Amino acid sequence: MINANPNVEAHYGALETRWNAVDGSLDFERLVVPTGNSESPFHRWFHLKEAFSVDLLPSILKKLSFEGLSELRILDCFAGGGTTLVSALELSSQVRVTATGIEQNPFLHHVSSSKVKALQEGPQLAQQLQDAFNEVGRIYGSDASFKADMPALSTFSNEAYFPPSLLASLLRIKAAIEHCDIPTLPRDLLLTAAASCVESTSRLRRDGRALRYASERQPREPWDEFSARVQQMIDDIDLSQPASGTGTVIRGDGRRPLLHVDGAAKKDLIIFSPPYPNNIDYTEIYKTEAWYLDFYTDAQQFRSQRLKTLRSHPSVRFSDEYDFECSSDAAAVRELVKPILEAVPDDKYATGRKQLIKGYADDMLTLFRQCREIISSDGRLVYVVGNSAHGSGDALFIIAADLIMARLAELANWRVEEISVARGLRRRVTNSRFLRESVVTLSPA
Ligand SMILES: C[S@@+](CC[C@H](N)C(=O)[O-])C[C@H]1O[C@@H](n2cnc3c(N)ncnc32)[C@H](O)[C@@H]1O
């Protein structure tokens, strides 16, 4: 068992004493992971491994005693697959909901906004989707020479990853959807269903930070897979009541919500799970779906997408400029990150790691400052975040995002109400108690 860097551990120990840190495993252990999502209507349309549970929002509302509110204005700055928004709209028979999400990844934005739009439509959409599916099936089955262009991403040309006949079917499905004259929402839903088949019809598996080759995997037949997914959507829509609240997912930068939402329309609850500072690059791990749907057509667009994401990974070299450096909080932020920067081993990853630590802190400070402008006076901000181990052997150190973010939130004029430790992570690696995932509640100071 490796000891994590003791100076960094002592730094976190001292920081933590400022706040109320509690064992939240009973409340949250199963809710910080996607428990229940693959069985729940609408949520199950695309499995986002990094999502939190469909049951998280109701549980937070209960804990915050927000259940009796007549109106709930809610914002998720990192909407992902749309868990918060779908959960919020599902409550709209009990409370007047206005739910807004922001998501930067084009494919995940497509998924979450399709779900949210469908939830607001009601059962007549089920028939429209059935008709659109029938039409696509007619085109798909009518002419075997009808085929689509291959995405420029080289991963698709690897025959071990994508067996050619299956890939040809997958591409024909997309081409058939695009060929048909069908209304926008059914079309978007069909594209979501088709893109949701990319992983299961290949030998690629999302695994932590990468897409890995799974040689043992038997890829599924695309049309069968697609049909099953569309049928699932039809069933879910057919059984749903149109949500009476409003939900919107904006494609944009969640670090700067003021760019996207009206600052005067205050929120009761801001809730999000940002990318953790653990090197996972969402642009990379959801790249095959995004290329399949033509969100990128060349390497330049792909790189520029990466540059728009939160600085939680070193997959691109971000600019080495940090807004906090010229703010009144510069000294406090430097003090916060100094022991962590000093723990970075002097190896080939040093520059990228230091940029990640400073960039993540910079992004979070901006985020908390902007969120502070749009929270109502008795509102709350809840974030779910995981800490991560970096380096190895004697040089291992933890980036405790839960505590770093709590301190940055204080600088942005928030009060840290509670750090609820949901679960420990990878305890085999190190005995650091800071390797964990937490749910943190803030209120405006
Ligand atoms: C942990 S996931 C959120 C999952 C979400 N809570 C759910 O249950 O589906 C973090 C999300 O942040 C997105 N993201 C990364 N950088 C972003 C940015 N600058 N603005 C908005 N979203 C961003 C990623 O694409 C990813 O979908």
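Cut-off values and rules
- Residues numbered from 1 in each chain as written.
- Predicted model: local features only at pLDDT ≥ 70, side-chain atom pairs only at ≥ 80, totals over all residues.
- Heavy atoms only, no water.
- Near = heavy atom within 4 Å.
- Polar contact = N/O pair within 3.5 Å; in protein donor to acceptor, adjacent residues only side chain to side chain.
- Areas by Shrake-Rupley, 256 points an atom, 1.4 Å probe, with all protein chains shown as cover.
- 1 Å grid on protein atoms, 1.4 Å probe; cavity = no way out; pocket = protein on both sides within 12 Å on 5 of 7 lines; lining within 4 Å.
- Sits in = over half its atoms within 2 Å of the grid points.
- Domains from an automatic or database assignment.
- Contact = heavy atoms within 4.5 Å.
- Buried area = accessible area lost by both parts, 1.4 Å probe.
- Salt bridge = Lys/Arg side-chain N within 4 Å of Asp/Glu carboxyl O.
- Helix = DSSP H or I, 4+ residues; strand = E, 2+ residues; numbered from the N terminus.

As recorded in an unreviewed UniProt entry, the protein goes by DNA modification methyltransferase and comes from Streptomyces albiflavescens.

Taken together, 26 residues sit near the ligand, with Gly81, Thr83, Glu103, Asp253 and Gly254 positioned nearest. Between an oxygen atom of the ligand and a main-chain N or O atom of Ala79, the distance comes to 3.5 Å. Between the ligand and Thr83, the relevant distance is 2.6 Å, taken from an oxygen atom to a side-chain nitrogen or oxygen of the residue. When the ligand is considered free in solution it has 610 Å² of accessible area, and contact with the protein chains removes 99% of it. Among the detected pockets, the ligand sits in the largest pocket.

The subject of this paragraph is the domain arrangement of the protein. Once the domains are mapped, the protein shows domain 1 (6-120 + 243-444) and domain 2 (124-239). Taking only C-alpha atoms, the centre of domain 1 and the centre of domain 2 are 30 Å apart. Counting residues at the interface gives 26 residues for domain 1, matched by 34 residues for domain 2. Taken over both partners, the interface formed by domain 1 and domain 2 buries close to 2,800 Å², and the fraction arising from carbon and sulfur atoms is 62%. In terms of surface lost to domain 2, no three residues of domain 1 exceed Trp45, Thr288 and Tyr292, which account for 29% of the buried area on that side. Connecting domain 1 to domain 2 are 3 salt bridges. Here Asp294 and Lys174 are joined by a salt bridge, their closest N and O atoms 3.0 Å apart. Broken down by secondary-structure element, the contributors of at least two residues to the side of domain 1 that touches domain 2 are helix H5 (106-119), helix H10 (282-285) and helix H11 (287-292).

A word on the pattern of salt bridges. The full count for this structure, using the stated rule, is 34 salt bridges. A salt bridge links Glu225 to Arg229; its shortest N-O distance comes to 3.6 Å. Here Glu225 pairs with Arg229, and both are found in helix H9 (residues 222-239), just 4 residues apart, close to one helical turn. A salt bridge links Arg369 to Asp329; its shortest N-O distance comes to 2.7 Å. Taken together, the residues Arg369 in helix H14 (residues 350-373) and Asp329 in the loop between helix H12 (299-307) and helix H13 (330-343) connect sequence positions 40 residues apart. Sharing partners across several salt bridges, the network here consists of Asp253, Arg255, Arg256, Arg311, Asp323, Asp362 and Asp363.

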